[in-house]
Amino acid sequence: MHDKLEALQTDIVTLKVDAIVNAANNTLLGGGGVDGAIHRAAGPELLAECRLLKGCLTGQAKITRGHRLAAGHVIHTVGPVWRGGNLGEPEQLASCYRSSLKIALDHGIRTLAFPAISCGVYGYPLPQAVEIAVRECADFTAAEATLERIVFACFDRNMLELYRARLWRL
C-alpha cells in the first residue's frame with residue numbers, strides 16, 4: 001500500500017487538510033453533489049471568489065481560499081461527463097487529477113483530499129474512475145516528495161471498498 005495515499009469514508013467538507021478538491025462544473029458557481037456541499041459549508045465568500053475566476057475548462061483546475069471550511073484552500077476541477085469513454089473522458093479525468101496536483105504543488109499544499117470526480121451526476125463508471133484517480137496520485141507523489149498525504153474522501157462504503165482494493169494493489 002502506498003504510504004501517502006489513503007481512502008476514508010467521510011464528508012470532504014469536514015477534513016482538516018491544506019486543501020480539498022471540488023468536483024465543480026464549468027461555471028465554478030456551485031451545483032449539486034459535492035460541489036453544492038462545499039459551497040454551502042464554505043459560505044458566500046467562496047461564491048464571490050469563484051465569480052472572479054470566470055469559470056474553468058473540463059480537465060483543468062483553479063484554486064481559491066477555503067473560507068469557512070476546515071481546509072485552507074479549495075482546488076476546483078471540472079471532470080468530464082461520461083458519454084461512453086470514446087470522447088476523451090479518461091484523459092480529461094486524468095488531467096483533472098494532474099492539474100489539481102500541480103496547483104497543490106505550486107501553492108505549497110502538503111495535504112489534500114479528493115472526492116470521486118465525475119462519479120455522481122456526470123456518470124463516470126466507478127471502477128474506471130478509481131483506477132485513474134489512484135494511478136495519477138500515486139505517480140505524482142512518487143515524483144514529488146512535498147505532497148505528504150492524499151485522502152480519497154469516499155461518500156459511501158461501496159466507493160471506499162473500491163479505493164481500498166485499488167490502493168492495496170500499489
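Up top is the structure.
Described in the following lines is the structure provided in the data block.

Each value, and the rule that gives it
- Residues numbered from 1 in each chain as written.
- Predicted model: local features only at pLDDT ≥ 70, side-chain atom pairs only at ≥ 80, totals over all residues.
- Heavy atoms only, no water.
- Helix = DSSP H or I, 4+ residues; strand = E, 2+ residues; numbered from the N terminus.
- Rg over C-alpha atoms; globule rule 2.2 N^0.38 Å.
- Salt bridge = Lys/Arg side-chain N within 4 Å of Asp/Glu carboxyl O.
- Buried < 20%, exposed > 50% of the residue type's maximum accessible area, 1.4 Å probe, protein only.
- Core = buried A, V, L, I, M, F, W, Y, C linked by side-chain atoms within 4.5 Å.
- Contact = heavy atoms within 4.5 Å.
- 1 Å grid on protein atoms, 1.4 Å probe; cavity = no way out; pocket = protein on both sides within 12 Å on 5 of 7 lines; lining within 4 Å.
- Points joined across faces, edges and corners; volume = space filled by probe spheres on them.
- Nonpolar A, V, L, I, M, F, W, Y, C, P; charged D, E, K, R; others polar.

## Considerations on the overall build of the protein
Helices and strands together make up the secondary structure of the protein, namely five helices and six strands. Its helices and strands in sequence order give the protein the pattern β-β-α-α-β-β-α-β-α-β-α, from N to C terminus. Taken against the 2.2 N^0.38 rule, which gives 15 Å for 170 residues, the C-alpha radius of gyration of the protein at 14 Å falls within 12% of a compact globule. For the protein, the spread of C-alpha atoms along the principal axes amounts to about 40 × 35 × 30 Å.

## So, the pattern of salt bridges
All chains considered together, the criterion is met by 11 salt bridges. Two residues, Glu91 and Arg98, come together in a salt bridge whose shortest N-O distance is 2.3 Å. Owing to a relative accessible area of 47%, Glu91 belongs among the partly exposed residues under this scheme. For Glu136, the salt bridge identified is with Arg98, shortest N-O distance 3.3 Å. Note that Glu136 is positioned in helix 4 (residues 126-143) and Arg98 in helix 3 (residues 89-106), a separation of 38 residues in sequence. The class of Arg98 is partly exposed, set by a relative accessible area of 34%.

## Concerning the nonpolar core
The biggest cluster of nonpolar side chains holds 38 residues, and the ones touching the most others in it are Ile75, Tyr97, Leu112, Phe114, Phe152 and Tyr163. Looking at this core, the elements with two or more residues in it are strand 1 (5-9), strand 2 (19-24), strand 3 (61-65), helix 3, strand 5 (111-114), helix 4, strand 6 (149-154) and helix 5 (157-168). The element contributing the most residues to this core is helix 4, with eight residues. Once residues lying within four places of it in the same chain are set aside, the contact partners of Phe114 are Ile12, Val21, Tyr97, Ser100, Leu101, Cys137, Ile150, Val151, Phe152 and Ala153. Listed in part, the 19 residues of the second largest apolar core include Val17, Ala24, Ala113 and Val151.

## What to know about the layout of surface pockets
As a volume, the largest pocket reaches approximately 700 Å³. Secondary structure elements with two or more residues in the lining of the largest pocket: strand 2, helix 1 (33-42), strand 6 and helix 5. Take the lining of the largest pocket: its biggest share by element is four residues, from helix 1. For the lining of the largest pocket, the per-class residue count stands at 16 nonpolar, nine polar and three charged.

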